[in-house]
Amino acid sequence: MKIQLLQEVEADLLDGFSFYEKQQEGLGGYFLDSLSADIESLQLYAGIHCIEAGFHRMLAKRFPYAVYYKFDGDVVGVYAILSCRRSPALHQDRLGGETT
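### Description of the sheet that holds strand β5 (residues 75–83)
Overall, mixed pairing links the five strands, which are arranged β1-β5-β4-β3-β2 in an open sheet. The sheet is open, and its two borders are formed by β1 (2–5) and β2 (51–52), each paired with just one other strand. Across two bridges, β2 lies against strand β3 (residues 55–59) in antiparallel orientation. Counterpart to I51 in the pairing with β3 is H56. Contacts from helix α4 (residues 88–95) reach β3, β4 (65–72) and β5 within the one sheet, and its direction differs from that of β5 by about 150°.

Have a look at this one:
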């Protein structure tokens, strides 16, 4: 299965990296490694996560982030990686729908 990240997802990851790197040196790198592992797990587990605003939502294992994706056959498209500590309205704006 192929995983495609939208350009906006790279910005989401860089924002998270910057936030955690400011908290403690090296934590930003750990954040990226952890989220990369979560994204790679979609090769096995794509489609089993709950649907929210028309996207599957996978919660990251080690950080309070949600990975929003869609999949069709052999392609998983990751559309957003958003902090669960931010306002749900931000998620609505990014995803274009209602979130819970």
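Now that the structure has been shown, we can carry on.
### Quick notes on the nonpolar core
Core analysis: the biggest nonpolar cluster contains 17 residues, and L35, Y65, V78 and I81 have the highest contact counts within it. Elements with a contribution of two residues or more to this core: α1 (7–23), α2 (27–40), β4 and β5.

### A short note on the packing of α1 against α2
Helix packing for two helices is described by the angle between their axes and how far apart those axes are. For the pair α1 and α2, the least separation of the axes is 6 Å and the interaxial angle reads 140°. For the element pair α1 and α2, the recorded crossing hand is right-handed. Judged by residue contacts, L13, G16, F17, Y20, E21 and Q23 of α1 engage L27, G28, G29, F31, L32 and L35 from α2. Counted by class, the contact of α1 with α2 contains seven nonpolar, four polar and one charged residues.

### Re a nonpolar patch on the surface
A contiguous nonpolar patch, built from L44, Y45 and I48 and spanning about 380 Å² of accessible area, is present on the exposed surface. If you trace the backbone, I48 turns up in the loop between α3 (42–45) and β2.

### Things to note about the pairing of β4
Where β3 lies against β4, four bridges are found, and the strand directions are antiparallel. Looking at the pairing, R57 lines up with Y68 of β4. Linkage of β3 to β4, two consecutive antiparallel strands, is achieved through a turn of five residues. By the bridge criterion, eight bridges tie β4 to β5 in an arrangement that is antiparallel. Residue D72 lies in a different strand from β5, and its bridge partner there is V75. Counting the residues that bridge the hairpin from β4 to β5 gives two residues, and of these G73 lies at a positive phi of roughly 65°.

What counts as what
Residues numbered from 1 in each chain as written. Predicted model: local features only at pLDDT ≥ 70, side-chain atom pairs only at ≥ 80, totals over all residues. Heavy atoms only, no water. Pairing = 2+ DSSP bridges. Helix = DSSP H or I, 4+ residues; strand = E, 2+ residues; numbered from the N terminus. Contact = heavy atoms within 4.5 Å. Axes fitted to C-alpha atoms, helices over the stretch in contact; angles between N-to-C directions. Core = buried A, V, L, I, M, F, W, Y, C linked by side-chain atoms within 4.5 Å. Buried < 20%, exposed > 50% of the residue type's maximum accessible area, 1.4 Å probe, protein only. Left-handed = near helix turned anticlockwise from the far one by under 90°. Nonpolar A, V, L, I, M, F, W, Y, C, P; charged D, E, K, R; others polar. Patch = residues over 30% accessible without salt bridge, like charges linked within 9 Å, V, L, I, M, F, W, Y side chains within 5 Å. Areas by Shrake-Rupley, 256 points an atom, 1.4 Å probe, with all protein chains shown as cover. Salt bridge = Lys/Arg side-chain N within 4 Å of Asp/Glu carboxyl O.

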